[in-house]
Amino acid sequence: MGNAKVEFDKSKVYKIEKMIKNLESELSPFSDMLFQMARTVDQREKDLKGNGRENKGNIYMLQHRTTQKVVKKRFNSHVDSCLNRLIVGLVSICLFLLIAGIGSSIGSQDQDLSIPAKDLTQYSLEDLMNIEITSATKAPQKLSDAAAAIFVIPQEDIRRSGVTSIPEALRMVPGVQAAKIDANKWAITARGFNGRAANKLLVLMDGRTVYTPIYSSVFWNNIDTIIEDIERIEVIRGPGASLWGANAVNGVINIISKPAEKTQGVLASAITGTEEAGTVSLRYGGGLGDKTPFRIYFKGFERDEAADGEGNKTADDWRYLRGGFRLEHKSDNRDIFTLQGDVFDGTCGESVTSPSVFPPYNIKYDRDQTEKGYNLLGRWTQTFSNASEASFQGYYDRAVQGFHLTKAVVDTFDLDLQHRFSFGQLHDFTWGLGYRLYRDDFDTEPALLVMEPSHRNYDIFSAFLQDEISFFEKQLRFTLGSKFEYNEFTHFEVQPTARVLWKLCKLNSLWASVSRAVRTPARGERDATSMLAVIPPPARGQLPVAVTFMGSDYFNSETLMSYEIGSRLQVTPMLILDTAFYYNDYKDLNVNIFGTPVTNALPPSYLILPIHNTNNLKGKTYGFELAADWHPMEWSRIQAAYTFMDIDLEYDEGIRPDLHTDPGYYLSLRGSFDLPWNMEFDFWYRYMDNLGDTIDSYSTLDIRFGWKYNQQIELSIAGQNLFDSHHLEFIPESLGTTATEVERGFYAKLTWRF
């Protein structure tokens, strides 16, 4: 450090310059193609105007349009080819930097020009294994001590990845599939059964459940905050129901924001780009005395539409405003009170298909839907000693959700009490009680959807017990626990777990678990009647057929028995491997079956083909998940995540359904490099296997360059989905939304802290 000078190997710098020149030569055909296309179009226009043969004008116009299409296709193809070559060149430069060791001079740079030593990785490998988490046991513990498949995304990984939304960040996690349906809707799940209404994943934000009870799923377009204020995202793959309750079947996602004391001062951030039309984030953190820090924030954004299969713009643009606050009061070192809240209002565009019993029967149109809501949460935590702590939390949440000509107002009231204490030298005991009230009100289009009753209140009462038993100075730990719930639909549910952890040494551990979890019926599965599609009459004089979903009180909980085994190993001082194997046995899964057609009793006349949901599906899934974290040098980091999964389902009659919602395997590879002069380079490659015959496999690449002018100002530019001009990721299972394709995008971001 000190005032040492920066010295570079000139031969290595010369090699880099040569590589850049080679890239320029690769791009030169691009400009030649532009010139040739311009000449072709100009000549065609002259031929059209100057030949004087007006009787052939239509033919020339057709030829002109055909030429435009061919030129456009060749243009897009060449753009893709040149961009792919540019991308390969950039990655080659990155790998060259890694091998050549230019970064060895970073540590000797002048203090004013150097990035702080922990800016790249934020944590050493030991720090990463010792990150404090709370999702696995509802109590603070080190990541290396968790007897579960858990993955943590810290703030530094979020920043360096270049993501601009929470769903994008979840693509880092092995075992989690995050796919875009259109520009503002997502399908996200863990370990299979994906869909827009994916119902086997529990999502929390600062301890507040954010899934909708209408379909037991998450509307991800409502889950947002200032991205810099997220401290970490904890993701459990596998059942978490013994602590978190029903619907934590295949996983739990816990989004945890920073304490107010860590967000003091002013933060201003602005993003603009091709897909990120404009985002502005403002946050101010202050204090009401020494013991009461607070922050307030505002965020607004507008995001561009996606594309259809031909690359044309669609109608799914996205505009949102959001604001909120967080306040914490510490009366002493043992007593903390937290109060926080958010309010949001936004508009999401979409293309929908609406069924009708009148010609043309299925009507496609574009529309905007307005969504808004607010929430308020209070939490009191009392620490009695290092081995004893109690907390009481309550929150209120209102969400006004619009989907497919339906408006639903859902109010949630939740109370939760928890107490943790040690019993003797061996037992660490945690217990809790909970109460939740849902109150909803539906305003629907009767021809398309009827919710009967349109207004309903339903309660959930719960309790949980958990005991962690330690032996051999906590080198061997057994965890036994269960959640007990009572709900109005299926009444009493029990969800137990048994886990074991063996600490091989300080950072290495093996673990195994057996768990039971349930997914309880959603309001819509019990009370909804919805027209899904209309089959036109095959011949004159015959009636159209309205395919109609009809909810049933006979639909019961889906159940899971899960068996897991995993390890966390520091293979070398620079490499950590996290592995998990699982085998899931599902019973009483939801499957829709056709009933007997009936004629509508009232005019107009049409046939109703009913669809009923039943518990006649069962199946097994098994898979392997690997996460690797490699620090080859002090200034570089490589992270990889690989997922393999197989699903085998069958009806009670032995018939096997053909589902196309989950890939067989997928891969994520990320690299981060600190460069001289306070610059950063990051890349993120992802491969996704095909989803049956409906979605082809695809690869994506994101690249980010960052520059820290000083400790207050940071500028970054990023390119996302660079391999293709547009690609399809997911087709929704229902709800009328038309899937669109994710486009290649570029953006610039400026962040100012003071």
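Here is what the cut-offs are and how they apply
- Residues numbered from 1 in each chain as written.
- Predicted model: local features only at pLDDT ≥ 70, side-chain atom pairs only at ≥ 80, totals over all residues.
- Heavy atoms only, no water.
- Helix = DSSP H or I, 4+ residues; strand = E, 2+ residues; numbered from the N terminus.
- Buried < 20%, exposed > 50% of the residue type's maximum accessible area, 1.4 Å probe, protein only.
- Areas by Shrake-Rupley, 256 points an atom, 1.4 Å probe, with all protein chains shown as cover.
- Pairing = 2+ DSSP bridges.
- Polar contact = N/O pair within 3.5 Å; in protein donor to acceptor, adjacent residues only side chain to side chain.
- Contact = heavy atoms within 4.5 Å.
- Phe/Tyr/Trp six-rings, centres within 6.5 Å; stacked < 30°, edge-to-face > 60°.
- Lys NZ or Arg CZ within 6 Å of the ring centre and 35° of its normal.
- Core = buried A, V, L, I, M, F, W, Y, C linked by side-chain atoms within 4.5 Å.
- 1 Å grid on protein atoms, 1.4 Å probe; cavity = no way out; pocket = protein on both sides within 12 Å on 5 of 7 lines; lining within 4 Å.
- Points joined across faces, edges and corners; volume = space filled by probe spheres on them.
- Nonpolar A, V, L, I, M, F, W, Y, C, P; charged D, E, K, R; others polar.
- Salt bridge = Lys/Arg side-chain N within 4 Å of Asp/Glu carboxyl O.
- Patch = residues over 30% accessible without salt bridge, like charges linked within 9 Å, V, L, I, M, F, W, Y side chains within 5 Å.
- pLDDT = per-residue confidence, 0-100.

**Q** What should I look at first to understand the overall build of the protein in this one?
**A** Scanning the protein for helices and strands turns up seven helices and 37 strands. When burial is assessed residue by residue, the protein has 55% of its 754 residues classed as buried. Carbon and sulfur atoms provide 59% of the accessible area of the protein, an area that totals close to 33,800 Å².

**Q** So what exactly am I meant to see when it comes to the environment of Trp-511 here?
**A** If you trace the backbone, Trp-511 turns up in strand S23 (residues 509-519). The buried category is assigned to Trp-511, whose relative accessible area is 3%. Taking the C-alpha atoms as reference points, Trp-511 and Gly-566, 55 residues apart in sequence, are found 5.4 Å from one another.

**Q** How should the pairing of strand S31 (residues 665-675) be read in this particular structure?
**A** Regular strands show a simple pattern: their side chains alternate between the two faces of the sheet. Burial within S31 is extensive, with eight of its 11 residues counted as buried. Bridge count between strand S30 (residues 636-651) and S31: nine bridges; the pairing is antiparallel. Bridge assignment links Ala-640 to a residue of S31, and that residue is Leu-669. Here S31 runs beside strand S32 (residues 679-688); their pairing, made up of 10 bridges, is antiparallel. Bridging across to S32, Ser-668 finds its partner in Arg-686.

**Q** Please clarify how the side chain of Ser-699 should be interpreted in this entry.
**A** For Ser-699, the position within the fold is in strand S33 (residues 698-708). Polar contacts involving the side chain of Ser-699 include one to the side chain of Tyr-685, which spans 3.1 Å. Contact partners of Ser-699, with chain neighbours within four places excluded, come to Tyr-685, Arg-686, Tyr-687, Phe-723 and Asp-724.

**Q** Please clarify how the side chain of Glu-276 should be interpreted in this entry.
**A** Mapping Glu-276 onto the fold places it in the loop between strand S10 (265-273) and strand S11 (278-287). Glu-276 gets classed as buried once you look at its relative accessible area, which sits at 6%. Excluding residues within four positions of it along the chain, Glu-276 makes contact with Thr-164, Ile-271, Glu-302, Arg-303 and Tyr-747.

**Q** What exactly am I supposed to notice about the packing of aromatic side chains here?
**A** The geometry of two aromatic rings is summed up by the distance between their centres and the angle between their planes. All chains considered together, the criterion is met by 25 aromatic pairs. Summarising the aromatic geometry, the rings of Tyr-685 and Phe-723 are spaced 6.2 Å apart at their centres and angled 65 degrees between planes, so their arrangement reads as edge-to-face. A residue pair is termed long-range when its members are at least 10 positions apart, and Tyr-685 in strand S32 and Phe-723 in the loop between strand S34 (713-720) and strand S35 (726-727) qualify at 38 residues. Of the aromatic side chains, those joined through ring pairs into one cluster are Trp-635, Phe-673, Phe-681, Phe-683 and Phe-705. Over the aromatic face of Phe-193 sits the side chain of Lys-200, whose NZ or CZ is 4.8 Å from the ring centroid. When the ring centre of Phe-301 is taken as reference, the NZ or CZ atom of Arg-303 above it lies at 4.1 Å.

**Q** I would appreciate a short explanation of the sheet that holds strand S7 (residues 208-209) in the present structure.
**A** Consider a sheet: its strands pair through backbone hydrogen bonds, and that pairing is either parallel or antiparallel. Ordered by their spatial adjacency, five strands build an open sheet running S3-S8-S9-S6-S7, and the pairing between neighbours is mixed. For this open sheet the edge positions go to strand S3 (149-154) and S7, each flanked by a neighbour on one side alone. Pairing between S3 and strand S8 (residues 230-237): six bridges, direction antiparallel. Of the residues in S8, the one forming a bridge with Ile-153 is Ile-233.

**Q** How do you make sense of the nonpolar core when you look at a structure like this?
**A** For soluble globular proteins, nonpolar side chains are generally found buried alongside one another. Membership of the largest hydrophobic core comes to 49 residues, with the highest contact counts inside it found for Trp-220, Ile-233, Ile-253 and Ile-255. Per-element accounting of this core gives the leading share, five residues, to strand S6 (residues 201-205). Once residues lying within four places of it in the same chain are set aside, the contact partners of Trp-220 are Ile-166, Pro-167, Leu-170, Trp-186, Ile-188, Val-203 and Ile-253. Judged by nonpolar contacts, the second largest core, of 14 residues, contains Ala-197, Ala-408, Val-410 and Val-547.

**Q** Help me understand empty space enclosed by the protein in this model?
**A** Where empty space is left becomes clear once a probe the size of a water molecule has been rolled over the atoms. In total, this model carries 13 cavities of 30 Å³ or more according to the counting rule given. Size it by volume and the largest cavity reaches roughly 470 Å³. Taken together, 34 residues form the lining of the largest cavity, with Arg-208, Val-210, Ile-223, Asn-375 and Asp-397 sitting closest to its centre. Of all the elements in the fold, those that place two or more residues in the lining of the largest cavity are S7, strand S12 (293-303), strand S13 (318-332), strand S14 (335-355), strand S15 (362-385), strand S16 (388-402) and strand S17 (407-423). Each pocket or cavity is described by its volume, and for the second largest cavity that value is around 390 Å³. If you go around the second largest cavity, you meet 24 residues; those closest to its centre are Glu-168, Lys-180, Gln-720, Asn-721 and Val-742. When residues of the lining of the second largest cavity are traced back to their parent elements, those giving at least two are S32 and strand S36 (742-743). Classifying every residue of the lining of the second largest cavity by side-chain character gives seven nonpolar, five polar and 12 charged.

**Q** What's the story with unusual backbone geometry in this structure? I'm lost.
**A** Most of the time, phi is negative for any residue but glycine, and the peptide bond is trans. The residue after Pro-359, namely Pro-360, is reached through a cis peptide bond having omega 5 degrees. Mapping Pro-360 onto the fold places it in the loop between S14 and S15. Residue Pro-604 is reached from Pro-603 by a cis peptide bond, and omega for that bond is 0 degrees. Considering the arrangement of structural elements, one finds Pro-604 in the loop between strand S28 (598-599) and strand S29 (607-630).

**Q** I'm lost on the pattern of salt bridges in this one. Help?
**A** Here the idea is simple: oppositely charged side chains can pair when their charged atoms come close. Under the defined criterion, the tally for this structure stands at 51 salt bridges. For the salt bridge of Asp-527 with Arg-456, the shortest nitrogen-to-oxygen distance reads 2.7 Å. In this pair, Asp-527 is assigned in helix H7 (residues 523-527) and Arg-456 in strand S20 (residues 455-471), connecting sequence segments 71 residues apart. Residue classification places Asp-527 among the buried positions, given a relative accessible area of 9%. Residues Arg-704 and Asp-682 are paired through a salt bridge, measuring 2.8 Å at the closest nitrogen-oxygen approach. Note that Arg-704 is positioned in strand S33 and Asp-682 in strand S32, a separation of 22 residues in sequence. Comparing Arg-704 with Asp-682, the two get one shared label, buried.

**Q** Teacher, can you tell me more about the pairing of strand S9 (residues 251-257) here?
**A** Of all seven residues making up S9, seven are buried, and the element is well covered by its neighbours. The side-chain alternation of S9 yields two buried faces, one formed by Gly-251, Ile-253, Ile-255 and Ser-257 and the other by Val-252, Asn-254 and Ile-256. Of the pairings in the sheet, the one linking S6 to S9 comprises five bridges and is parallel in character. Bridge assignment links Leu-202 to a residue of S9, and that residue is Val-252. The pairing of S8 with S9 spans seven bridges and is classified as antiparallel. The partner of Glu-234 across the bridge, within S9, is Asn-254.

**Q** Before we go on, may I ask you to explain a nonpolar patch on the surface in this structure?
**A** Among the surface-exposed residues, Phe-337, Trp-380, Phe-392, Leu-415, Leu-417 and Leu-433 lie close enough to one another that they form a single nonpolar patch of about 520 Å² accessible area. Take Leu-417: it is sitting in strand S17. Residue Leu-417 is classed as partly exposed on the basis of its relative accessible area of 32%.

**Q** Could you clarify how one ought to interpret the environment of Gln-475 in this entry?
**A** Secondary-structure assignment places Gln-475 in the loop between S20 and strand S21 (476-487). Judged by relative accessible area, Gln-475 falls into the partly exposed class, the value being 32%. C-alpha separation for the pair Gln-475 and Lys-506, spaced 31 residues apart in sequence, amounts to 9.2 Å. Setting aside its immediate chain neighbours within four residues, Gln-475 contacts Leu-501, Trp-502 and Lys-503.

**Q** What should I look at first to understand the confidence of the model for the protein in this one?
**A** Low pLDDT marks stretches whose predicted atomic positions should not be read closely. This prediction gives the protein a mean pLDDT of 85; 82% of its residues lie at or above 70. In this model residues 95-118 is a low-confidence stretch, pLDDT under 50, and it forms 52 contacts with partners more than four residues away in sequence or in other chains.

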